[in-house]
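Residues per chain, in single letters:
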Amino acid sequence: TCAGSIPVGPLVILAHLRRGDRAGAAKLITRTRLRTPDHRHAAGMVAYHVIPVLMQCDAGDLATARAAMEAALEDGRQCNGLRFWHIVAFALGRIEEAGFRSQPNQRNLDEDLRLAGALRCELAGDRRQAQAAWSTWLAGRYDLHNVRWLIRDLARWRIESLAK
C-alpha cells in the first residue's frame, strides 16, 4: 500500500490529524508501531517515530515527546547513512549545526537541517518558533519525491495546529 514510494499509512495518519481526528490517527499509529520500522526508508522512520512525537508535543506532553525522541536516537543509527540519527540528535540538542553538517550522508543537508530545527523547537515547547520553522521548511524548493511529500503534509499539519 504505497503512493509512489511513500507508504500510504503515514499520509492517512496526517489526514486524520489535519481533520482534528486524533483518535483515528492514534489507532493507525498503534497499527504502524506493531511492526518494526523500515530502516531503509525515511518515511517509515517518520511514521514510526516523528509523527507520534509531534502528537505528544501537540498535546503538551513534552517530557514524553523527548523520551520518545531519545529512544529514536538508537533506532536512527540503522537508517539511511545515519541521516535520521543526525536529525534526531540535532532536534534533541545533542549536536549543533557543525556536527549535523559533518554527517556521512550529505544529500539534502539544508532541508534536513530545517526539519531538525523545527523538531528542536517543538521539543522545546516553543510554538511560535516551531510554526516559523515549519513555515521555513515548507517555503523551500524541493523535488517532491519520496519522504518530502510526507514532510510537506507534516509541516502543513503542524503550522495549522500551532496557529490554534
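First things first, this report covers the structure right here in the doc. The structure presented is a predicted model; accordingly, all values stated were derived computationally and were not measured. (Residues numbered from 1 in each chain as written. Predicted model: local features only at pLDDT ≥ 70, side-chain atom pairs only at ≥ 80, totals over all residues. Heavy atoms only, no water.)

**Some remarks on the overall build of the protein**
So, step 1. The secondary structure content of the protein amounts to nine helices and two strands.
So, step 2. Counting helices and strands in the order they occur from the N terminus, the protein gives β-β-α-α-α-α-α-α-α-α-α.
So, step 3. Burial analysis of the protein (164 residues in total) assigns 48% to the buried set.
So, step 4. The long-range fraction of contacts in the protein, counting pairs at least 24 apart against all pairs at least 6 apart in sequence, stands at 53%.
So, step 5. As displayed, the protein has an accessible area near 8,000 Å², and 52% of this comes from carbon and sulfur atoms. (Helix = DSSP H or I, 4+ residues; strand = E, 2+ residues; numbered from the N terminus. Buried < 20%, exposed > 50% of the residue type's maximum accessible area, 1.4 Å probe, protein only. Contact = heavy atoms within 4.5 Å. Areas by Shrake-Rupley, 256 points an atom, 1.4 Å probe, with all protein chains shown as cover.)

**Focus: helix H7 (residues 109–124)**
Since there are 3.6 residues in each turn of an α-helix, residues three or four apart along the chain are aligned in direction.
So, step 1. Across its 16 residues, H7 extends 22 Å between first and last C-alpha, which sits within 8% of the 22 Å expected from 1.5 Å per residue.
So, step 2. Within H7, 12 of the 16 residues are buried, which leaves it mostly tucked inside the rest of the structure.
So, step 3. Against helix H3 (42–58), helix H4 (62–76), helix H5 (83–91), helix H6 (97–101), helix H8 (127–139) and helix H9 (147–162) lie the buried residues of H7.
So, step 4. Looking one or two residues beyond H7, the residue adopting positive phi is Gly125, at roughly 75 degrees. (Expected span 1.5 Å × (residues − 1).)

**Let's talk about the side chain of His16**
So, step 1. Mapped onto the elements of the fold, His16 is located in helix H1 (residues 8–18).
So, step 2. On the basis of relative accessibility, which here comes to 16%, the residue His16 falls in the buried class.
So, step 3. Side-chain polar atoms of His16 contact the side chain of Arg19, separated by 3.1 Å.
So, step 4. Each residue touching His16, except ones within four places of it in the same chain, is listed here: Asp21, Gly24, Ala25 and Leu28. (Polar contact = N/O pair within 3.5 Å; in protein donor to acceptor, adjacent residues only side chain to side chain.)

**A closer look at H5**
So, step 1. Counting buried residues in H5 gives nine out of nine residues, a clear majority hidden from the surface.
So, step 2. Along H5, the positions that sit buried rather than exposed are Arg83, Phe84, Trp85, His86, Ile87, Val88, Ala89, Phe90 and Ala91.
So, step 3. Elements that come into contact with the buried residues of H5 comprise H3, H4, H6 and H7.
So, step 4. At the exit of H5 stands Gly93, carrying a positive phi of roughly 80 degrees.

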